[in-house]
Amino acid sequence: MSPTSETAHGGRRLVIVESPAKAKTIKGYLGPGYVVEASVGHIRDLPSGAAEVPEKYTGEVRRLGVDVEHDFQPIYVVNADKKAQVKKLKDLLAESDELFLATDEDREGEAIAWHLQEVLKPKVPVHRMVFHEITKDAIQQAVRNPRELNKRMVDAQETRRILDRLYGYEVSPVLWKKVMRGLSAGRVQSVATRLVVERERERIAFRSAEYWDLTGTFSTGRAGDPSDPSSLTARLASVDGKRVAQGRDFGADGQLKTANVLHLDEEKARALAASLADTRFTVRSVESKPYRRSPYAPFRTTTLQQEASRKLGFGAKATMQVAQKLYENGFITYMRTDSTVLSETAVAAARAQVTQLYGADYLPEKPRVYAGKVKNAQEAHEAIRPSGDRFRTPAETGLTGEQFKLYELIWKRTVASQMKDATGNSVTVRIGGTAADGRDAEFSASGKTITFHGFMKAYVEGADDPNAELDDRERRLPQVAEGDALAAEEITADGHATKPPARYTEASLVKELEEREIGRPSTYASIIGTILDRGYVFKKGTALVPSFLSFAVVNLLEKHFGRLVDYDFTARMEDDLDRIARGEAQAVPWLKRFYFGEGEGAGAADAGNGDGDHLGGLKELVTDLGAIDAREISSFPVGDGIVLRVGRYGPYVERGEKDQEGHQRADVPDDLAPDELTVEYAEELLAKPSGDFELGTDPVTGHQIVAKDGRYGPYVTEILPDDVPKTGKNAVKPRTASLFKTMSLDTVTLEDALRLMSLPRVVGTDPEGVEITAQNGRYGPYLKKGTDSRSLTSEDQLFTITLEEALAIYAQPKQRGRAAAKPPLKELGTDPVSERPVVVKDGRFGPYVTDGETNATLRTGDSVETITPERGYELLAEKRAKGPAKKTTAAKKAPAKKTAAKKTAAKKTTAAKKTAAKKTAAKKTTTAKTAAKKTTAAAKKTAAAKPE
C-alpha cells in the first residue's frame, strides 16, 4: 500500500523511530495520515540496580537482573525516564489503525523494535519498516514494503546483552574489592585496555639502539628543472657488498636481530665519510617499474572513524555523533555498517559526478565493486555514502562546521571509489664508488612520479604515522642512465636511534580491534569512550596512554581471569555470538557453559568447539577470591628497591616497608605516562620533601601542628591526642588548611599555620543579621554571605578585611565576568572545522582551548606546554559533538551544604549566647546537610549498582 493511498481509506498510521531528529525528517516525507513519534532510544532494559527489580524476584536475580537458574531469563524494566514517553506512545497507538516500527535495521534497532512491541502490546497490525537512508524515495519505499520482526536478530542481541551483564556484574565487584571502588570490567573494554597496557609494557621494556649511516648528495652536472632535477639524495646501502644495518635490524632489546649486516657506529661512519670525500661515483643501475594505485573502498564504520581521526582530529565518539546527525537529517546513509558495498543507484550517482567534476578520462569503463572484508558482517547494509540518487556536493548541502567537514570527507571518498587508478613510475637508482681505503660503497635512492593522478584528484587517505609518506607524494629523481658519472657534493654521517613502538591512537586502536576481530565495529566508539571515562586511559596529544590504575586492573584480570582478556578467546566468543545470530547455535546452552562451566549440559556445537578453548565457569572464578593478593596485583617493581603501588587514592612509589627504618614514599603524578617512571625519576620523587614537618605546639589547645604534602598539595594540620575519638559518633576531626600559593613546606611557620587553621573567619553580620565569612577556596580567597560569594583580590585580605570593607563589596553589583581578558597561554593555529584561531587560555577550572565559539577543558595528560594543535582541534570537536550542556532544574539539585565558620577555643563561651534567629538558621543548615547527605548516599548507591 502506498503512503498516500491510506488517507483514502481513512486510516491513521503510527510510525515509531528512535530519535526526535529522525522523526522530524521522516514526518516531512509522509502524508497527513501518518503520525511519526520517537521512542528516544531504548525504552526498556535490564535493571540498573536491585531497587528496579520487581518484588517477586529474590537473590541473585535481583543482583544480576537475569535469572541464571531458569535459562538466563532476562528481567526487563521500563526505564524510569521513559515512562512518560511510553504513555505518550500508548495513547497515540490507541488512536491508530496500524503500527510501523521504523528503528535502525541493525541488531540493536531490531531489539528496540521488539521491546516497543512487547511494551505497547498493539492490537492493530504491526509492520517492521527498514531503510538505510532517510530520503523521500527511501522512506516511501520502506512504507510500501515492510517486513516482519526478525526474532533471530533480536535473540542474538539479547544474548550479547545478557553476556555483557554477567561479565560486568560478576567481574566488576572483584575489582572493587581488590583494586578500587567504582571500577568496571567488560567483555570488550577490558581487552581494549589490555591492548593499550601491553603496548606501554613494550615501551617500558624497550631498549634503544644507536646506528649510523651516510647520506650523499650527488650532482649530474647539468642545469635542472622541476621535471628533471640536477641532483639527488641517496642513502648508504652497502659496504663491500654487506648491507648497512637500519632500524628494522634491531630488536626491542637493542641488539641486532639480523645476521650478516654491517653495524656502523659514529667513529666508523665518520671515517668512511672522510674516506669517500674524493671518490668518483657512477650510476650502477637504474630500475624502473610501473606504479599503480587503486582507489580506497567506500567508508564503513571503522574506516570512517580512522580517517576522521587522521584528517579532522575527531575522536571515534565525536565522529559517530556527527555522523548520526548527518544520517538523521538525510545527508548520509546509515553510519553503523560493516559493508563497503554501494547500491546500483549510488554507483550511478558517483559515476555521474566523476564525469561532471573531473571529466570522462577519470571514469573507468566498468563500475568498481568492493568485496566485504569484515568477518561476520552484521547485515547487508550499504557502505557509508551521501544519500539519494544524486549526491549533493558539500557546497550544495548548506552544512557548516563538523557536519560539513565529515560530509565532505564521506562525499570525496565515495566519488573517488568510482574513479580510475592512479598510474606512474617508481625508480630505484644505485650509485657506487671506491673509497680511499679501498672499500666499495653503494648508495641507493628511490623516486616516484605520478603521470595520471586518477582518484587522487578527489581523495588521498591519511596515515596514523605523522611521518609517513602519503600516496600522492612524488619524489622526482634526475633522468640518469647506467654508467653516468655523478659528483658527490656532500657526504655526511648521520646518527639514528631506534624508537619504541608508538602508542595507540583512537584510529589505530580501532584498526587493531577490527583486525583481531574483537567486538563489533559499531561499538568501538563507545568502548574507547568508556576506557577514557573510567580513567583506564588518558590522552597525551592523540596518543592513548594507560594509567597506572589500568596496569593493576589488567594485572589482576590476566592472572586470575586470563581467558576473559585473551585476544583469541574474545574473538572466538564473537564468532559464537554470530553463530547464534545465524541460527547455527543455541543461546541458552552456550550461556550455561560460559557461566556455569562444563557440567551444565552445553554441547560443543552449542557453546564452543569442545577442545577446552572456551571458558567454563565464570561463576566459579568470581567466587574463589582468596588467591587474589590485592597488594601484589597492584605492585610493580621500578628498580633499586623502589616499587610502584596503586593505592586507594592513586599511584605512589615506595622504598622499604612502612614500619621499617628508612621507609620512603612519594605520590606519583596522575598524568605521568608509565614508561616515563624511571628509577632516576622515582629517586627524584622520593628525594622531595615528604612526611611531617613539625612546626610547634598550638598555645591554646596544646596540640602539635605539622605541615604535610598531600595528594592535593601542601597543607597544615593538628595532631590530636590518642585519647580523642577519631571515629564514631563522637569523632573529632583535626583542623586542616591548605597552604597559600605564596607558601611552601620549607618556609611555612607555626604562626602561618595557626592563621590558616583559623579560617573561615567571621567578618561580622550585615544589617539583616546574615553572617559574612572570609574563606579560602579552590579558586582563591572570597567572602561568603548566605549563598552570595564575592572574590577577594589577595589571600592576605582573609585576615585583614573589615566588616565595613566587606559591606562595601556587597554593595557593588556582582561581577559576572572578569575585569580584563587575560592574554592566551598558547596559540595553536586555525581550527580545520570552524576556521577560527584556536588558543589555550587560563580559566576558572584550569586551562582550556577555545576558538572563540567553543571551549574545551584540557584533560588528564594534557598540559599547556605539550598540547599540540591536533589535540586542541580534537578536544573542540568532541565538545561540539556533545552539544550544549544540559541545565539541571532547580527541583533536581541537592541542597547545598553550608560551611560553618570555625571558632577558636576562646570564642566558645560566646557561642552559647547566640540569638534565637541564629538557632533557627542553624536548624535549617542541619536540615540542608541531612538532605544533601541523603542525596549523596542515594547517588552513590545508584552508581555502585552500575558496573557495566
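Residues numbered from 1 in each chain as written. Predicted model: local features only at pLDDT ≥ 70, side-chain atom pairs only at ≥ 80, totals over all residues. Heavy atoms only, no water.

(A) Structural detail: the overall build of the protein chain. Scanning the protein chain from terminus to terminus reveals 28 helices and 33 strands. Expressed as a percentage of its 948 residues, the buried residues of the protein chain come to 47%. Considering only residue pairs separated by 6 or more positions, the protein chain has 66% of its internal contacts joining residues 24 or more positions apart. Just so you have it, the protein chain exposes about 47,000 Å², and 50% of that area is on carbon and sulfur atoms. (Helix = DSSP H or I, 4+ residues; strand = E, 2+ residues; numbered from the N terminus. Buried < 20%, exposed > 50% of the residue type's maximum accessible area, 1.4 Å probe, protein only. Contact = heavy atoms within 4.5 Å. Areas by Shrake-Rupley, 256 points an atom, 1.4 Å probe, with all protein chains shown as cover.)

(B) Inspection of the sheet that holds strand E21 (residues 664-667) at higher detail. Strand order in the open sheet made by the 4 strands is E18-E19-E20-E21, with antiparallel pairing throughout. Unpaired on one side and paired on the other, strand E18 (635-639) and E21 mark the two borders of the sheet. Looking at each pair of strands side by side, their axes are set apart by 25° on average, direction ignored. When E18 meets strand E19 (residues 642-647), the two strands line up antiparallel, connected through 4 bridges. From the neighbouring strand, Phe-636 faces E19, where its bridge partner is Leu-644. Each of E18, E19 and strand E20 (650-655) touches helix H16 (residues 548-560); the most contacted strand, E19, lies at about 85° to it. (Pairing = 2+ DSSP bridges. Axes fitted to C-alpha atoms, helices over the stretch in contact; angles between N-to-C directions.)

(C) Representation of unusual backbone geometry in the model. A cis geometry characterises the amide bond from Leu-759 onward to Pro-760, with omega recorded as -5°. By secondary structure assignment, the location of Pro-760 is in the loop between helix H23 (750-757) and strand E26 (761-765). If you check the backbone angles, Val-40 has positive phi at about 60° while not being a glycine. Here Val-40 is to be found in the loop between strand E2 (34-38) and strand E3 (44-45).

(D) Just the pairing of strand E15 (residues 485-497), in detail. Bridge count for strand E9 (residues 210-219) against E15 is 10 bridges, and the pairing is antiparallel. Bridge pairing in E15 places Tyr-211 opposite His-496. Pairing between strand E12 (residues 281-293) and E15: 2 bridges, direction antiparallel. Opposite Thr-282, over in E15, you have Ala-485 as the bridge partner.

(E) Spotlight on helix H5 (residues 136-144). When H5 is considered as a whole, its buried residues turn out to be Ala-138, Ile-139, Gln-140, Ala-142 and Val-143. At its buried positions, H5 is contacted by strand E1 (13-17), helix H1 (20-27), E2 and strand E7 (98-101).

(F) Region of the structure containing the sheet that holds strand E29 (residues 788-791). The strand order across the open sheet formed by 4 strands is E26-E27-E28-E29, and the pairing between neighbours is antiparallel. Each edge of the open sheet carries a strand with a single partner, namely E26 and E29. Recorded for the sheet is a direction-independent mean angle of 25° between the axes of neighbouring strands. Running over the sheet, helix H25 (residues 803-811) touches E26, strand E27 (771-777), strand E28 (780-785) and E29 and is turned about 85° from E28.

(G) Up close: the packing of aromatic side chains. Counted under the stated rule, the structure contains 18 aromatic pairs. With centroids separated by 6.2 Å and ring planes inclined at 70°, the aromatic side chains of Tyr-76 and Trp-114 adopt a geometry described as edge-to-face. With a gap of 38 residues between them, Tyr-76 in the loop between strand E5 (73-74) and strand E6 (77-78) and Trp-114 in helix H4 (residues 107-120) connect regions that are remote in the sequence. Ring geometry for Tyr-358 and Tyr-362: centres 6.3 Å apart, planes at 50°, overall tilted. Given a relative accessible area of 24%, Tyr-358 falls into the partly exposed group. Judged by relative accessible area, which is 14%, Tyr-362 ranks as buried. Ring pairs connect the aromatic residues Tyr-296, Phe-299, Phe-455 and Tyr-459, which therefore count as one cluster. Seen from the ring of Tyr-567, Arg-194 lies directly overhead, with NZ or CZ sitting 4.4 Å from the centre. (Phe/Tyr/Trp six-rings, centres within 6.5 Å; stacked < 30°, edge-to-face > 60°. Lys NZ or Arg CZ within 6 Å of the ring centre and 35° of its normal.)

(H) A look at the nonpolar core. The biggest cluster of nonpolar side chains holds 141 residues, and the ones touching the most others in it are Ile-332, Leu-406 and Val-653. Top contributing element to this core by residue count: helix H6 (residues 151-178), with 10 residues. Not counting residues within four places of it along the chain, the set of residues in contact with Ile-332 comprises Ala-323, Leu-326, Tyr-327, Ile-384, Arg-385, Pro-386, Ser-387, Tyr-407 and Ile-410. By size, the runner-up hydrophobic cluster in this structure holds 26 residues, among which are Leu-276, Val-283, Ala-441 and Ile-491. (Core = buried A, V, L, I, M, F, W, Y, C linked by side-chain atoms within 4.5 Å.)

(I) Region of interest: the environment of Ser-184. Take Ser-184: it is sitting in the loop between H6 and helix H7 (189-205). Judged by its relative accessible area of 0%, Ser-184 is buried. A sequence separation of 12 residues divides Ser-184 from Ser-172, and the C-alpha atoms of the two residues are 4.7 Å apart. Within the structure, the side chain of Ser-184 is placed 2.9 Å from the side chain of Gln-189, a separation counted as a polar contact. (Polar contact = N/O pair within 3.5 Å; in protein donor to acceptor, adjacent residues only side chain to side chain.)

(J) A look at the packing of H6 against H16. The contact between H6 and H16 brings their axes to 11 Å, and the two run at 120°. It follows from the interaxial angle that H6 and H16 lie oblique. Remark: the crossing between H6 and H16 carries right-handed chirality. Two secondary-structure elements touch here, H6 through Val-171, Val-174, Leu-175 and Lys-178 and H16 through Val-553, Leu-556 and Leu-557. Residue composition of the contact of H6 with H16, by class: 6 nonpolar, no polar and 1 charged. (Parallel < 35°, antiparallel > 145°, perpendicular 65-115°, else oblique. Left-handed = near helix turned anticlockwise from the far one by under 90°. Nonpolar A, V, L, I, M, F, W, Y, C, P; charged D, E, K, R; others polar.)

(K) Summary view of the confidence of the model for the protein chain. The pLDDT averaged across the protein chain works out to 84; a share of 86% of its residues lies at or above 70. Overall, residues 599-615 carries pLDDT values under 50, and its contacts beyond four positions in sequence, including any with other chains, amount to 43 contacts. (pLDDT = per-residue confidence, 0-100.)

(L) Region of interest: the pattern of salt bridges. A complete count under the given rule lists 63 salt bridges for this structure. For the salt bridge of Glu-110 with Arg-128, the shortest nitrogen-to-oxygen distance reads 2.9 Å. With a gap of 18 residues between them, Glu-110 in helix H4 and Arg-128 in strand E8 (residues 126-128) connect regions that are remote in the sequence. Both residues of the pair, Glu-110 and Arg-128, belong to the buried class. (Salt bridge = Lys/Arg side-chain N within 4 Å of Asp/Glu carboxyl O.)

(M) Main features of the environment of Pro-478. Among the secondary structure elements, Pro-478 is positioned in the loop between strand E14 (440-452) and E15. Residue classification places Pro-478 among the buried residues on the basis of a relative accessible area of 6%. Remark: the alpha-carbon pair of Pro-478 and Gly-447, spanning 31 residues in sequence, is separated by 9.4 Å. Look past the residues within four positions of Pro-478 in its chain and what remains in contact with it is Thr-220, Arg-222, Asp-228, Pro-229, Ser-230, Ser-231 and Leu-232.

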